[in-house]
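# Chains, contacts and geometry: an overview
Listed below, chain by chain, are the residues.
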Amino acid sequence: MYISEQLLNPDERRLRLSTQLGVESVVLDNRGTELVSAAGGVSAWDAGKLAAYRKWVEGFGLRLDVFALDVGSILLDSLVDLDSARRQRDVLAQNIQKAADAGISCLKYNVQMVGITRTGLKPGRGGAQNSGFVYAEYSPEHDRKHSYWGVGYPTKQEEGGTQSAMLCGQKMARDVPPVTEQAGWDAIEFLVEGLVPAADRAGVRLACHPHDPAYPLGGLNGIEHVVGSADGIRRFLALSDSPNHGLNFCQGTVAEMFSEPGKAMIPIIEEFAATGRIFMVHFRNIRGGYLDFQEVFPDEGDVDMFAAIKAYQRGGYRGPLCPDHVPVSDLDENRERFMSFALGYTRGLLQAAGVWSTPTVARS
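Residues numbered from 1 in each chain as written. Predicted model: local features only at pLDDT ≥ 70, side-chain atom pairs only at ≥ 80, totals over all residues. Heavy atoms only, no water.

## Regarding the packing of aromatic side chains
Quick note on the threshold: Pairing of aromatic rings covers Phe, Tyr and Trp, the last counted by its six-membered ring, and requires centre-to-centre distances within 6.5 Å; plane angles under 30 degrees mean stacked, over 60 mean edge-to-face, and any other angle means tilted. Charge over a ring is defined by NZ of Lys or CZ of Arg lying within 6 Å of the ring centre and within 35 degrees of the ring normal.
Across all of its chains, the model carries 11 aromatic pairs by this definition. Among the aromatic residues, those joined into a cluster by ring pairs are W45, Y53, W56, F60 and F67. Sitting above the plane of the F279 ring, R205 keeps its charged end 5.1 Å from the centroid.

Listed below in structure tokens is the structure:
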């Protein structure tokens, strides 16, 4: 295992900072840029541009470990406009091959039907603020103000929520249709059935992020989060036996699924690590649990992070650990210092556990 850093559209200064922090591997999301995006819908990638971008990143001595595959609104579209969803799925399948042609071997994606739901900010240590979800305090107003579409650690919380229909990073003109449990699985199965065969042909691993947060039984605002429980994750993995069908295992998101994550998470980590289907980890911590939690610094949450690393080790996981979702503060507007703390803390835990390894470096 080794530390990796998840970045959104980094410039030269940001990549240089990563190397100075001891980072050798990065997970990159470039949505909203000419590199991967077009106006509306799922955009076709350019393998040449991707290859040039990868080489630019590796010119800093970094490995581009994982790249984001933005699936847009395809899940909802598959429920209301199947022809459009099929066209988008074909483009995504082509993008998987283009990623392989560019030397990228792992893509992450998110099955959020709506934004990452949060209800407010809670006081943290030293005046920092922790983003949280408290179902008892839920209101559409709080949702609009505090939810976000999520690419790791947003610089602002006001990035749009479920009520404002921020769907996987895109504002949709239409309303969000109801998503029952059956409809949720139908949409995810539609996506997996189209993308996994393409991944197998290309030799690219697909890392799926579970639903964040776990919703109450019956859903929220007519939306079910079907991959919002350990059983949901198990069912998701069972959709395909391909070794390329796996997880962006968000430790914080999975912890949010349990009333007592401090007790539940260590065996859960070991269980999923042992499947060989974890391709990257969001290594973060929470305080609280199911339907009532806040995102905190890694050293102050309810999950023993050193025990978590040992559980990944016992399960045979050897990949990247990416700090994620640290608190917010006006003293660290872009959260670079907070993320630096999380990176250093994670690296120290890895060294203390004796499991530090170095990722394989640059391809030609």
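From this point on, the discussion continues.
## Details of the sheet that holds strand β12 (residues 278-282)
What counts, and what does not: The criterion for strand pairing is that DSSP finds at least two bridges linking the strands in question. By the criteria applied, helices consist of DSSP H or I runs no shorter than four residues and strands consist of E runs no shorter than two, each listed in order from the N terminus. Residues count as neighbours in contact if any of their non-hydrogen atoms are within 4.5 Å of one another. As a rule, the C-alpha atoms of each element are fitted with a line to give its axis, helices using only the stretch in contact, and angles between N-to-C directions run from 0 to 180 degrees.
Sheet architecture is open: 9 strands sit in the order β1-β15-β12-β11-β10-β5-β4-β3-β2, paired in parallel fashion. In this open sheet, the two strands that pair with only one neighbour each are β1 (2-3) and β2 (5-8). In this sheet, strand β5 (residues 106-110) lies alongside strand β4 (residues 63-68) in parallel orientation, the contact comprising 2 bridges. Directly across from F67, in β5, lies its bridge partner L107. Contacts from helix α6 (residues 181-202) reach β5, β10 (205-209) and β11 (245-250), with the element oriented near 150° to β10.

## A closer look at unusual backbone geometry
What counts here: When accessible area is computed with a 1.4 Å probe and restricted to protein chains, residues below 20% of their type maximum are described as buried, those above 50% as exposed, and intermediate ones as partly exposed.
Geometrically, the link from D212 to P213 is a cis peptide bond, its omega value of -5° lying close to zero. Note that P213 resides in the loop between β10 and α7 (230-237). Here N9, not a glycine, exhibits a phi torsion of approximately 50°, which is positive. Within the secondary structure, N9 sits in the loop between β2 and α1 (12-20). Judged by its relative accessible area of 32%, N9 is partly exposed.

## Focus on the confidence of the model for the protein
Which entries qualify depends on this criterion: By definition, pLDDT measures how confident the predictor is in each residue, and it falls between 0 and 100.
Here the protein averages 89 in pLDDT, and 89% of its residues register 70 or above. A low-confidence stretch, residues 151-174 stays under pLDDT 50, and its non-local contacts, those more than four residues away or across chains, total 87 contacts.

## Observations concerning the environment of Y53
For the record, the criterion: Two N or O atoms count as a polar contact when they lie within 3.5 Å, although within protein this holds only if one can serve as hydrogen donor and the other as acceptor, and sequence-adjacent residues are included solely when both atoms are side-chain atoms.
Relative to the helices and strands, Y53 is located in helix α2 (residues 47-58). The class for Y53 is buried, based on a relative accessible area of 12%. Here Y53 is in contact with P10, L28, N30, L35, L64 and F67, once residues within four sequence places are set aside. At 3.0 Å, the side chain of Y53 and the side chain of N30 are in polar contact.

## Structural notes on α2
For clarity, the cut-off: Here a helix's expected span is defined as the number of its residues, less one, multiplied by 1.5 Å. Taking the helix axis as origin, the arc is that swept by the directions to the C-beta atoms.
Taking 1.5 Å of rise per residue, 12 residues should cover 16 Å, and α2 covers 16 Å from first to last C-alpha, within 8% of that figure. Along α2, the positions that sit buried rather than exposed are L50, A51, Y53, R54, V57 and E58. Axial view of α2: buried residues confined to an arc of 160°, hence all on one face. Buried residues along α2 sit in contact with α1, β3 (25-29), β4 and α4 (82-101). Where α2 begins, one side-chain oxygen reaches toward the backbone nitrogen of G48, 2.8 Å away; that side chain belongs to D46.

## Quick word on the nonpolar core
So the rule is basically this: Among the buried residues, those of types Ala, Val, Leu, Ile, Met, Phe, Trp, Tyr and Cys that are joined through side-chain atoms within 4.5 Å form a nonpolar core.
By size, the foremost hydrophobic cluster in this structure holds 103 residues, and its most contacted members are F67, I96, L107, Y109, F236, F249 and Y312. Ranked by the residues each element gives to this core, the list is headed by α6, at 12 residues. Each residue touching L107, except ones within four places of it in the same chain, is listed here: W45, V66, F67, L69, I96, A99, V204, R205, L206 and A207. A128, F297, F338 and M339 belong to the second-largest nonpolar core, a separate cluster that totals 6 residues.

## Concerning the sheet that holds strand β7 (residues 129-134)
Hydrogen bonds between backbone atoms are what pair the strands of a sheet, whose relative direction is either parallel or antiparallel. One open sheet accounts for 4 strands, arranged β6-β7-β14-β13; its pairing is antiparallel. Pairing within the sheet leaves two strands with one partner each, and these edge strands are β6 (120-123) and β13 (285-289). Strand-to-strand twist of the sheet, defined as the mean angle between neighbouring strand axes without regard to direction, takes the value 30°. Examined bridge by bridge, β13 and strand β14 (residues 292-296) share 5 bridges and lie antiparallel to one another. Note on β14: the bridge partner recorded for G289 is D292.

## What to know about the pairing of β4
β4 sits mainly inside the fold: 6 of its 6 residues count as buried. Two elements, β3 and β4, share 4 bridges in a ladder whose sense is parallel. Following the sheet pairing, L28 is matched in β4 by F67.

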